[in-house]
Amino acid sequence: MAIIYLDNNATTRVAPEVREALLPFLDELYGNPSSPHHFGGQVEKYLTIARTQLAELLGCRPKEITFTSGGTESDNLAIRGVLAARPEKRHIITSQVEHSAVLVQCQELSRQGYHVDFLTVDSDGQIDLEDLENKIQQDTALVSIMWANNETGVLFPIESISQICKAHRVPLHVDAVQAVGKIPINLGSTHIDLLSLSGHKIHAPKGVGALYVRTGLRIRPITWGGHQERGKRPGTEPVPLIVGLGKAAELAHGWIDEEQNRVRQLRDMLETGLAGSIANLQVNGAGSPRLPNTLNVCFKGVEGEALLLLMDQMGMAASSGSACLADKLEPSHVLLAMGVPESVAQGAVRFSLSRYNTEEEIREVLKVIPGLNEKVLQLSKAADPVKKMVSP
Ligand SMILES: *Cc1c(COP(=O)(O)O)cnc(C)c1O
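The notes below deal with the structure included here. (Residues numbered from 1 in each chain as written. Predicted model: local features only at pLDDT ≥ 70, side-chain atom pairs only at ≥ 80, totals over all residues. Heavy atoms only, no water.)

### Some remarks on the packing of helix α4 (residues 71-85) against helix α5 (residues 100-111)
- Interaxial distance between α4 and α5 falls to 9 Å at its minimum, and their mutual angle equals 35°. Considering how the two elements wind past one another, α4 and α5 form a crossing that is right-handed. Contacts between α4 and α5 involve Thr72, Asp75, Asn76, Ile79, Arg80 and Leu83 from the former and Ala101, Val102, Gln105, Cys106 and Leu109 from the latter.
- Here the residues of the contact of α4 with α5 are counted per class, giving 6 nonpolar, 3 polar and 2 charged. (Axes fitted to C-alpha atoms, helices over the stretch in contact; angles between N-to-C directions. Helix = DSSP H or I, 4+ residues; strand = E, 2+ residues; numbered from the N terminus. Left-handed = near helix turned anticlockwise from the far one by under 90°. Contact = heavy atoms within 4.5 Å. Nonpolar A, V, L, I, M, F, W, Y, C, P; charged D, E, K, R; others polar.)

### Structural notes on empty space enclosed by the protein
- Inspection of every chain in the model, using the stated rule, returns 3 cavities of 30 Å³ or more.
- Put simply, the largest cavity is a space of about 110 Å³.
- Lining the largest cavity are 15 residues, with Gly181, Lys201, Ile202, His203 and Glu259 sitting closest to its centre.
- Of the residues contributing to the lining of the largest cavity, the split by class is 5 nonpolar, 6 polar and 4 charged. (1 Å grid on protein atoms, 1.4 Å probe; cavity = no way out; pocket = protein on both sides within 12 Å on 5 of 7 lines; lining within 4 Å. Points joined across faces, edges and corners; volume = space filled by probe spheres on them.)

### Quick word on the environment of Asp193
- Structurally, the position occupied by Asp193 is in the loop between β6 (172-175) and β7 (194-198).
- Judged by its relative accessible area of 9%, Asp193 is buried.
- Along the sequence, Asp193 and Arg218 sit 25 residues apart, while their C-alpha atoms lie 10.0 Å from each other.
- Among residues more than four places away in sequence, those in contact with Asp193 are Val170, Pro171, Leu172, Tyr212, Val213, Arg214 and Leu217.
- In this structure the side chain of Asp193 is engaged in a polar contact, spanning 2.9 Å, whose partner is the backbone nitrogen of Leu172. (Buried < 20%, exposed > 50% of the residue type's maximum accessible area, 1.4 Å probe, protein only. Polar contact = N/O pair within 3.5 Å; in protein donor to acceptor, adjacent residues only side chain to side chain.)

### Comments concerning the sheet that holds strand β12 (residues 348-352)
- The strand order β9-β10-β12 describes an open sheet built from 3 strands, whose pairing is antiparallel. A single partner strand is all that each edge strand has here, and the edge strands are β9 (281-283) and β12. Averaged over all pairs of adjacent strands, the angle between their axes in this sheet comes to 30°, without regard to strand direction.
- One ladder, built from 5 bridges, connects strand β10 (residues 294-299) with β12; its direction is antiparallel. Within β12, the position partnered with Leu295 by the bridge is Phe351.
- Running at roughly 15° to β10, helix α8 (residues 239-277) makes contact with β9, β10 and β12 of the sheet. (Pairing = 2+ DSSP bridges.)

Here it is, written out as structure tokens:
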């Protein structure tokens, strides 16, 4: 059975062009780019090419790109790197709806004695810009805020946020892992100081990412070793992964119009179709600008996990929210922050599309979901439907 993959905010398939581009670096081009001999040294120019491909996607300079192991490391390097460079500042501002790479990190920093403000969001998932501005103080080391929410697709007004931070001379870190490749980004015209991205969310392999650091902003490394990545991120570069990330960035640059149009149309078709056929449906973040590929809904009165299990049996992959938290059957912290009642948040399902999805797939999903929803509604009348299905 062919799988219908609608969980692209959790991870994406590697683009065939990316696979093609990185294979030589698993075979004959295996040298260490830092080696003094030609065999290794010839590889270094491919790191430069990848850096340039990313810089073109983001509208920045190649030397402002530092390669990392992924989004989580980029988020950690950004936040802790800035804090370490300005040890006299002890205050951080972030939001309640961040990905765990920022949220859990900030909770830990708070345990370590930092003062952290977690901005609240309204029912559309938006922060209050006045609230942000009021919270900035002399002691503020950093504002860390996501561009696009991984669960709901809700976009924060990064342009306005960046102007506030710039006016108060507070560095701004943006977790753009879900925004990159899906909406246009131009760091030349938006004043962002640090920006995180991840390879496996844009059709590159897992285990590689990057951090943009604006020229002139000082950060301290958080791991110590060699001189790679200008000392910001020591360790022998994973050349095949970096080459793959560069290629994925080049492809994403070319695909962005498609993401914005064809993928958005498919998402809208799914949203309209579900809303039209399911009475107990709530679309989360509907009042906000959202990513073109993401649809987060609550099937009211239904256990989302139960619906996902039935979908899984039919070869349809979606998720209840964040893959990083999915092993816990707790309702989403993002939806709770938006004021969604716990009982409704239990019914959350996130559909996230990519350019590889087809209209035919969306039709198929629209055909089966109403029946599955009915089935779970019936099951829910008995206690604990998930347990019941896992161990019949
Ligand atoms: C996936 C994701 C991350 C983590 O990236 P990894 O490469 O998986 O470590 C961070 N932030 C957001 C918003 C994400 O969606």
